[in-house]
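# Observations on the model geometry
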Protein chains: 2
Amino acid sequence: MADRAFTSIDDFAALLRDLPGPDEAARAAAAARNDTLTKPPGALGRLEDLAIWYAGWRGQARPRLQAPQVLVFAGNHGVAARGVSAFPAEVTAQMVLNFEAGGAAINQLAEANGARLGVHALELDRPTADFTQGPAMDEAGFVAALATGWEAVDPGADLLVCGEMGIANTTSAAAIALALFGGEAADWVGRGTGVDDAGLALKRQVVEAGLEANPGARGGGIEALRCLGGRELAAMAGAILRARHLRIPVLLDGFICTAAASCLEVARPGALDHAVAGHVSAEAAHGALLEKLGKAPLLSLGLRLGEGSGGALAIGVLRSALACHSGMASFAEAGVSDG
Amino acid sequence: MADRAFTSIDDFAALLRDLPGPDEAARAAAAARNDTLTKPPGALGRLEDLAIWYAGWRGQARPRLQAPQVLVFAGNHGVAARGVSAFPAEVTAQMVLNFEAGGAAINQLAEANGARLGVHALELDRPTADFTQGPAMDEAGFVAALATGWEAVDPGADLLVCGEMGIANTTSAAAIALALFGGEAADWVGRGTGVDDAGLALKRQVVEAGLEANPGARGGGIEALRCLGGRELAAMAGAILRARHLRIPVLLDGFICTAAASCLEVARPGALDHAVAGHVSAEAAHGALLEKLGKAPLLSLGLRLGEGSGGALAIGVLRSALACHSGMASFAEAGVSDG
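Residues numbered from 1 in each chain as written. Chains lettered and ligands numbered in written order. Predicted model: local features only at pLDDT ≥ 70, side-chain atom pairs only at ≥ 80, totals over all residues. Heavy atoms only, no water.

## Regarding the overall build of chain A
- Assigned secondary structure in chain A consists of 15 helices and five strands.
- Here the C-alpha radius of gyration of chain A, 20 Å, is about what a compact globule of 339 residues would show, namely 20 Å.
- When its C-alpha atoms are laid out on the principal axes, chain A stretches across 70 × 40 × 40 Å.
- Relative to its 339 residues, chain A shows a buried fraction of 62%.
- Residue pairs in contact within chain A that sit at least 24 positions apart in sequence constitute 80% of those at least 6 positions apart.
- For chain A, the accessible surface area stands at approximately 11,200 Å², while carbon and sulfur atoms represent 48% of it. (Helix = DSSP H or I, 4+ residues; strand = E, 2+ residues; numbered from the N terminus. Rg over C-alpha atoms; globule rule 2.2 N^0.38 Å. Buried < 20%, exposed > 50% of the residue type's maximum accessible area, 1.4 Å probe, protein only. Contact = heavy atoms within 4.5 Å. Areas by Shrake-Rupley, 256 points an atom, 1.4 Å probe, with all protein chains shown as cover.)

Put into C-alpha cells, the structure is as follows:
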C-alpha cells in the first residue's frame, strides 16, 4: 500500500481545496467534433453533453470507456440499534459475503456493464457510535475510513461508480442531508429498504436527535460526514475526491452515495464537477438532494437498492454516448448534406 | 426468401387479429424467482418488471439477452416536397449509405449494446404519394412495405428494436397520431429534426390537409398507416407484428416508430403487449403518444434522432435487468436474512 495521502482531517480538507479542473482544450475539441457528426444538432440529447463532459475530464477529444471501476463499501452503524431498519444489522456482513461470492445485484450489473467490482468491508464487527449520542466517528476512525476509499480507487480506471451496503444507512444519509441543506427531518427521511409507518416516525425522531447531539454538523460538509455518516459513506467521499485528483469521472449512485458526495460539494463548491448523477432512486429524498446539487439524473427506474446499482446501470448510457461521439462519421466523411 | 405470409391487407389484418400471448407459467415462475433474490422486495424497481415481462414472452423463467436485433428502415415521402423538413430528401439515401458504412449513431449504439443491425432501404427513388392529395400508398405498395418489415425479422433474435430514417417522416407520424387519437394538428406536430416557426406552421397545415384528403384514415389503424404513413413506417409495423408471432419482445424507439406501432394497437388492442417504450424523445408528441398507449418509457435523455437510437440505448437496461434476474443468488443460496 502506498503511503497515506492524508493522516488528518486538516490534510483531507487541504486536498479538497486544491482541485484540478477539466482539460478545456480537450473539452473544446470534443464540442467541435460533436458539431460535425452525422446527426441534426443536439439530436442525441444528453448523450452529447455526457461525451463532451467526459472528454474534458479525461483530456481526450475522442475517448472510449475501457476500464470502469465499481467500488462497494460496507459499514455498520451504531444507530441501527435504534431499530430504524427493517433488516437486522447482521445483513451487512451477509451481503458482503454475497458480493464476494458474486450473487448480488451489483455483481450482475457491474459485469453486464463491463466494469470491475471491488468490495471493501470497513470494520463491520465494530459499528460506528450511535449518532444520537454524539459523533459517529472520532477523527482517527473517520480519517481511516476516508483513506480506505481514497486508496481503493484504481489510478488506471477511466470511470468510478461508488456504492454502499450498511443497515441503517438511509437514516445516516437523511441526517447528513438535513445537516447540509436544512428543512425538516421529514423532508429527508423515507422508507429506505422497507420500514413501515411507525418505523418512518422513529427514523424522523432519530434524525432529529442526531442533529441535536451534533450541533457542529449543521452546514459543515466534512464535519457532518464525521458526525452523522458511517464508514462506508466516508469511504465513498474519499474515493470520489481521489477520482477528482486523478481526473476520473464519477457516476453517482443513489441517496446514500449522493449524501456522502454532497459533503464534499458543501465543503468545497465545484468539488463534484467531475460527477454526474447516474440515476434518481425511489427514495424521494434523493431527488431533492440532486436538485440541491443541480444534477439531473441520467436514469429514473425506481431503483432503491444502493450497492452502486444505479450508477453501474448508467455506465451503459455513458459507454453508448462515447461510442457515438468517438465512432460516428462526420458529414464530410459520410458525404451527407448537413441541412 | 420464404413465401410471403400475406399478400393483401385482409391477410395482414387476419394476422393482427389472432395473436399469441405470453407464457403465463414462465411469467409466474419468473415472478416467484424474483421474490427470492437477495434484495429488498421491489428494490430493483422497473428492472424487476422488465425481467418478468421478458421472461413471459420468451417462455423462460431465467432468460438472458443474447441476440438482439436492430432494424432500420428507410423511406422517402411525397410530402417532403411540401418543404416540411429542414433537410433535403436526398439525405435519406445519404444516411442509408452512412448506415451501411458504419458511420451513423445507430451503428455505434447497436454495437455498444451488443445488437446486430440490419438496414433496409425501401424504394428510395420512388417516394410515396403526397398524402395531402390522397393515400400515400396503394394496397400493393403498402403490403410490400409491411412484408419487407415482416421478413426482416430474424426468427433467432431474442429482442427487436425498430428504427427509421425518412426525411419528412415526423410529419407523417403526426398525421397518423392525429388520425388515431384526435385532437388538433398542433398537439402532434413538433420541430422534428429542426424546423423553424414558419416550418412548424407549415407542418400543421400539411397534417390537416392530410386528414382532409384521407377521411378514411381517422380512427382506423391500418388505414391510417396506408394513407398517411411511409414505407418505413409500414415496415416497422410489419416487423413488430412478426415479432409478436415469434414471441420476440420489442423495445419501441421514438415518435415515428411509436406512431407506426400505434396503428397496430388501435386496430387490435393488446397488439403491443410484447413491446416496452425504450425511451421518450424530445419531440413532445412522443410523450403524448406513449400516454395514449399507457406505456412508460425506460429512458428520457432528450434524444430526437430516430434510427432506433433510443430503443438501442434501452437494450443495455434490459440486459442489465435480465442479468440481475437470472444471475442473482436467492436469500437461501446466499445465507442472507430476508428481514
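So much for the structure itself; the text now carries on.
## Notes on the sheet that holds strand β5 (residues 275-277) of chain B
Residues and elements named next belong to chain B.
- Ordered by their spatial adjacency, five strands build an open sheet running β2-β1-β3-β4-β5, and the pairing between neighbours is parallel. Only two strands of the sheet have a single partner each, and these edge strands are β2 (116-121) and β5. With direction set aside, neighbouring strand axes in the sheet form an average angle of 25°.
- Relative to strand β4 (residues 250-252), strand β3 (residues 159-165) is paired through two bridges, and the arrangement is parallel. Its bridge partner lying in β4, V161 is registered against L251. (Pairing = 2+ DSSP bridges. Axes fitted to C-alpha atoms, helices over the stretch in contact; angles between N-to-C directions.)

## Section: the interface of chain A and chain B
- Taken together, the contacts link 46 residues of chain A with 47 residues of chain B.
- Of the roughly 3,700 Å² buried between chain A and chain B on both sides combined, carbon and sulfur atoms contribute 67%.
- Counting the contacts that link chain A with chain B gives zero salt bridges.
- Where chain A touches chain B, the interface holds 18 residue pairs in polar contact (both at pLDDT 80 or more). (Buried area = accessible area lost by both parts, 1.4 Å probe. Salt bridge = Lys/Arg side-chain N within 4 Å of Asp/Glu carboxyl O. Polar contact = N/O pair within 3.5 Å; in protein donor to acceptor, adjacent residues only side chain to side chain.)

## A look at the relation of the copies chain A and chain B
- The two copies are related by a screw motion: chain A maps onto chain B through a turn of 180° and a shift of 0.0 Å along the axis, at an RMSD of 0.0 Å. Classification of the inter-copy transformation places it as that of a two-fold axis.
- Both copies share a contact surface, since 100% of the interface residues of chain A are interface residues in chain B too. (Least-squares fit on C-alpha atoms with pLDDT ≥ 70 in both.)

## Brief notes about the pairing of β3 of chain B
All names here are of chain B.
- For β3, a buried count of seven out of seven residues is recorded, marking the element as mostly surrounded by other parts of the structure.
- Covered by surrounding structure in β3 are L159, V161, G163 and M165 together with L160, C162 and E164, the residues of both alternating faces.
- Direction of pairing for strand β1 (residues 68-74) relative to β3: parallel, over a ladder of seven bridges. Bridge pairing links V70 to V161 in β3.

## Some remarks on the packing of aromatic side chains
Residues and elements named next belong to chain A.
- In total, this model carries eight aromatic pairs over all chains according to the counting rule given.
- Centroid distance F6 to F12: 5.2 Å. Interplanar angle 70°. Geometry classified as edge-to-face.
- Between F181 and W188, the ring centres sit 6.3 Å apart and the planes meet at 35°, which makes this aromatic pair tilted.
- Members of the aromatic cluster, connected to one another through ring pairs, are F6, F12 and W150. (Phe/Tyr/Trp six-rings, centres within 6.5 Å; stacked < 30°, edge-to-face > 60°.)

## As for the packing of helix α10 (residues 221-228) of chain B against helix α12 (residues 255-267) of chain B
Residue and element names in this part refer to chain B.
- Two elements in contact, α10 and α12, have axes whose closest approach is 7 Å; the angle formed by their N-to-C orientations is 150°. One way to sum up the angle between α10 and α12 is to call them roughly antiparallel. Contacts from G221, I222 and L225 in α10 reach A260, C263, V266 and A267 in α12.
- In the contact of α10 with α12, the residues fall into six nonpolar, one polar and no charged. (Parallel < 35°, antiparallel > 145°, perpendicular 65-115°, else oblique. Nonpolar A, V, L, I, M, F, W, Y, C, P; charged D, E, K, R; others polar.)

## Notes on helix α7 (residues 169-181) of chain A
Residues and elements named next belong to chain A.
- Along its 13 residues, α7 runs 18 Å from first to last C-alpha, staying within 8% of the 18 Å computed at 1.5 Å per residue.
- Of all 13 residues in α7, twelve are buried, a share of seventy percent or more.
- Those residues of α7 lying buried are N169, T170, T171, S172, A173, A174, A175, I176, A177, L178, A179 and L180. (Expected span 1.5 Å × (residues − 1).)

## Some points on the side chain of T92 of chain B
- Relative to the assigned elements, T92 of chain B resides in helix α4 (residues 90-101).
- Every residue in contact with T92 of chain B, bar those within four places of it in the chain, is listed here: A74, G75, N76, L124, M165, G166 and I167 of chain B.

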